[in-house]
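# An overview of the molecular structure
Letter by letter, the chains look like this.
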Amino acid sequence: MTAVFSSTSQMMRQVIYALVLGISAAYAFFGWGIIVQIFLAVVVAIAVEATFLKIRKHPIKPAIADGSAILTAILLAISIPSIAPWWIVVVGVSFAIIFGKQLYGGLGNNPFNPAMLGYAFLLISYPLPMTTWASEFVNFSQAFDVIFNLNSNMVDALSGATRLDDVKIQLSLGKMMSELNLHSSAQAWINAGFLLGGLYLLARRVIFWHIPAAFLSGIIVTAFLVSLGDGEYLPVQNHLMLGATMLGAFFIATDPVSASTTPKGRLIYGFLIGVLIVIIRTFGGYPDGVAFAVLLMNIVVPLIDYYTQPKVFGK
Amino acid sequence: MASYAFKGGVHIPNPYPIKKPEVKQVAPPEQAALFLQQRAGGEQKPCVKVGDKVLTGQVIAKTSGKYPSYTHASISGVVLAIEKRPIPHPSGIDGVCIVIDSDGKDKWIEIEKCDQDFLRCAPSKVIQRIREAGIVGMGGAGFPTHAKISNAQGAQTLIVNATECEPGIMCDDALMQHYPREIIRGVEVLMHGCGAKKAIIAIEDDKQEAFNSLLMYNFNAHIEIVQIPTKYTSGAEKILIKTLLDIEIPSGEFASDYGVLCQNVGTVKAIYDAVIDNKPLISRIVTVTGSAVKEPRNYEARLGTSFASVVAQSKPNNKVHQIRMGGMMMGVDVPNIEHSIGKITNCIFVNNATLKPSVQSCIRCGQCNEVCPVGLLPQQLFWYAKSENMDRAMDYNLRDCIECRCCDIVCPSHIPLAQYFSFAKALHCKQTKEQQKADVARERFEFKEFRVERNKAERSEMMARKKEELKKKMAEDKTQKDKIAQAVARVKNKGALKK
Ligand code: SF4
Ligand code: SF4
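Residues numbered from 1 in each chain as written. Chains lettered and ligands numbered in written order. Predicted model: local features only at pLDDT ≥ 70, side-chain atom pairs only at ≥ 80, totals over all residues. Heavy atoms only, no water.

## Some words on the site of ligand 1
Close contacts around ligand 1 come from Cys-362, Ile-363, Arg-364, Cys-365, Gly-366, Cys-368, Gln-379, Cys-411, Pro-412, Ser-413 and Leu-417 of chain B, and that covers them all. In terms of residue class, the shell around ligand 1 is built from seven nonpolar, three polar and one charged. (Near = heavy atom within 4 Å. Nonpolar A, V, L, I, M, F, W, Y, C, P; charged D, E, K, R; others polar.)

Structure representation (structure tokens):
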């Protein structure tokens with residue numbers, strides 16, 4: 001072990017760099033929306049964080065500088081549809097920072113992954129804009145129009161097939177898997193981007209292999225078991241390369257604060273998230289299960305940690 | 001070759017490496033301040049007075065008891081003062097020092113010629129010479145060597161720790177390159193002293209030269225010289241034993257319980273001097289390094305030489321310095337350079353004073369778990385140590401922490417974890433003591449109750465017994481009286497009949 005990070009902010013920066021590939025892929029297929037969302041989210045996150053620290057009478061600069069609020073904002077901005085209206089991201093980020101982090105006493109004390117808490121809140125409260133995805137490349141002015149509601153027809157024009165939830169609807173309509181156009185190439189590219197970024201983090205030892213490996217195995221195993229059943233189910237490879245799988249495996253489930261910290265614990269934690277994701281995707285009412293799976297597992301982290309203490313020298 | 005690896009630890013390259021670790025001899029100082037060993041129970045008392053003339057190698061202080069340990073004059077001259085001075089110790093306490101003013105002659109005491117064939121001496125004789133030479137563990141522990149060897153009598157394996165223990169220190173490296181013959185001989189002496197059949201000299205694999213020089217002088221089939229990975233904490237005794245012998249020694253138990261004796265290579269050289277040449281320990285090799293010195297180097301200096309005079313030879317810059325005795329990991333920061341070299345001074349770090357990075361909250365990143373050589377979860381421990389939840393901290397095996405600071409080094413939030421742990425340990429110790437005291441008090445109280453009860457019972461029993469006795473007696477009395485009365489009556493009757 002040689003990697004020594006000189007500071008928390010340096011670690012957070014590494015994570016942000018690692019996101020660039022996936023974000024670029026999303027940009028390449030769906031245009032400027034994601035960039036505008038990220039920008040908006042970061043501004044809101046800093047403003048909310050600063051305000052709250054001021055109210056709590058804590059020093060503002062070091063907390064902002066640690067980069068964690070910015071990272072939360074970016075993760076949330078990536079997770080929501082790129083053409084969602086501006087208030088979605090504002091509400092979501094504010095919720096994530098205030099209820100996900102500051103009310104627990106700031107970075108390090110939050111039991112839940114803040115970005116996923118914000119996402120879950122949005123999905124429950126505003127299901128429609130949260131499931132309306134862009135269907136084609138959105139240029140800068142279009143993105144601006146649609147996000148800031150300048151042209152109400154724009155949304156209908158740009159939105160199209162949603163992602164995973166669409167699969168379920170189509171399947172329920174009796175279509176065969178092979179007939180579906182899943183935008184799968186775009187999604188596969190985006191997932192590949194996050195996968196590469198995640199591998200970079202592994203190489204830099206910002207994250208450890210346990211969670212992503214267990215997470216992906218959880219998905220593979222469960223998806224395989226599910227596919228043995230009757231009826232049409234999403235095949236294993238689509239589970240891996242669609243939706244927020246890679247983002248979840250390398251960037252969300254690995255959020256250190258809310259994840260398990262023992263090596264064995266990380267394996268259990270990651271695996272069960274993978275299992276839950278497939279179950280939610282297959283049998284649940286929501287399109288993608290990453291957020292709920294992560295939040296559910298956050299709850300049991302203290303338990304996992306306690307029962308998975310590593311063997312101590314000489315014992 | 002077997003690969004020797006252990007879990008955890010951090011690879012920290014020597015921050016101020018030098019090409020060839022030479023050893024520069026430092027002339028005997030004008031004044032030497034020698035602090036006396038102050039281990040609990042083993043306090044040394046001066047046996048010279050202010051104004052006395054002393055010779056180099058003369059005993060100037062010793063402990064009482066049957067097997068005293070000694071301090072010797074490191075120069076010849078006059079005892080100038082016996083006084084308390086600050087000593088480089090984490091607690092910042094003062095210790096008694098004997099200050100000798102040099103007469104410039106460095107005149108030695110008469111050294112008795114001794115039997116150089118140590119194999120003909122009994123092991124107890126070897127241990128005696130080690131004791132009389134005032135040797136303590138020179139790797140930094142400072143535990144009297146003769147006691148350690150006596151405790152490990154009948155050990156199977158002798159491990160010679162030549163790992164340098166901490167990044168930056170180079171004194172063992174230099175020692176091995178300069179005195180390979182003496183070290184191998186010293187190992188043989190030590191094997192004879194403790195009865196070990198086998199010795200392993202462990203050197204980190206970045207010290208190829210030192211390894212080669214020892215190899216060249218080793219003709220003893222029972223001495224094995226091995227290279228282990230250069231990784232911090234490889235030199236911690238229990239970790240080293242695990243690495244070499246695959247024996248894990250739990251906390252609370254000692255190497256000697258497992259038939260292993262561990263000695264630092266510097267100590268081995270001192271043992272050679274003591275047993276073969278009959279010379280007491282009056283000098284040692286010290287590394288001077290750090291960001292503020294131009295020429296990091298090793299010095300062989302008499303004990304009691306001031307830090308300042310050796311540091312000056314390494315060309316320090318004129319900035320504000322931060323002085324640290326011992327390694328960059330487990331050493332002690334000392335407030336200034338007004339200290340002198342003692343038996344355990346292996347290294348003096350002279351760094352440019354820098355601001356410590358500010359501490360942030362723990363983000364549970366788990367970097368610390370990854371490096372703990374003992375397999376603890378520092379991050380969980382930290383949580384409980386901070387909230388002083390000692391029971392939980394103990395659940396998480398706080399006791400096993402060796403305070404190596406590996407976790408500190410990798411923590412991106414700059415949390416001084418080891419410091420918390422050492423504090424928590426002290427706190428726990430205090431709490432248990434209080435608990436014990438309370439237990440004793442309770443026991444005492446309960447015993448008192450019991451005693452009172454018992455006394456009461458005894459007394460009432462006694463009373464009852466007495467009453468019984470009294471009754472019996474009275475009854476007896478009565479029968480007696482009756483008998484007398486009867487007798488009297490009989491006599492009377494007789495008398496009456498006679499009449
Ligand atoms: S390395 Fe520091 S921040 Fe990371 S888990 Fe350990 S104590 Fe917390
Ligand atoms: S200081 Fe203690 S907890 Fe930290 S790495 Fe060393 S042994 Fe482990």
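## What to know about the sheet that holds strand β14 (residues 260-264) of chain B
Residue and element names in this part refer to chain B. Read from one edge to the other, the open sheet built from four strands follows the order β13-β12-β11-β14, with strand pairing classed as parallel. Each edge of the sheet is formed by a strand with only one pairing partner; in this case those strands are β13 (223-228) and β14. Each strand of the sheet is rotated relative to its neighbour by a mean of 25°, with strand direction disregarded. Sheet strands in contact with helix α7 (residues 265-276) are β11 (157-162) and β14, and its direction is about 85° off that of β14. (Pairing = 2+ DSSP bridges. Helix = DSSP H or I, 4+ residues; strand = E, 2+ residues; numbered from the N terminus. Axes fitted to C-alpha atoms, helices over the stretch in contact; angles between N-to-C directions. Contact = heavy atoms within 4.5 Å.)

## Details of the pairing of strand β9 (residues 77-86) of chain B
For a regular strand, side chains alternate in direction, first toward one face of the sheet and then toward the other. Residues and elements named next belong to chain B. For strand β6 (residues 53-54) and β9, the ladder comprises two bridges, and the chain directions are antiparallel. Opposite Val-54, over in β9, you have Gly-77 as the bridge partner. With nine bridges connecting them, β9 and strand β10 (residues 94-102) associate as antiparallel partners. The residue of β10 that forms the bridge with Ile-82 is Ile-98.

## So, the sheet that holds strand β5 (residues 45-46) of chain B
Residues and elements named next belong to chain B. Taken in spatial order, the three strands make up an open sheet running β5-β7-β8, and their pairing is antiparallel. Only two strands of the sheet have a single neighbouring strand rather than two, namely β5 and β8 (70-72). When β5 meets strand β7 (residues 59-62), the two strands line up antiparallel, connected through two bridges. Its bridge partner lying in β7, Lys-45 is registered against Lys-62.

## Things to note about the interface of chain A and chain B
Of the residues lining the interface, 34 residues belong to chain A; the matching set on chain B comes to 40 residues. With both chains or domains summed, chain A and chain B bury close to 3000 Å², and 54% of this area falls on carbon and sulfur atoms. The salt bridge involving Arg-266 of chain A is made with Glu-370 of chain B; its shortest N-O contact spans 4.0 Å. Our count for the contact surface shared by chain A and chain B stands at twelve residue pairs in polar contact (both at pLDDT 80 or more). Listing elements by their share of the side of chain A that touches chain B, those giving two or more residues are α1 (8-30) and α16 (290-307) of chain A. In terms of residue class, the side of chain A that touches chain B is built from 17 nonpolar, eleven polar and six charged. (Buried area = accessible area lost by both parts, 1.4 Å probe. Salt bridge = Lys/Arg side-chain N within 4 Å of Asp/Glu carboxyl O. Polar contact = N/O pair within 3.5 Å; in protein donor to acceptor, adjacent residues only side chain to side chain.)

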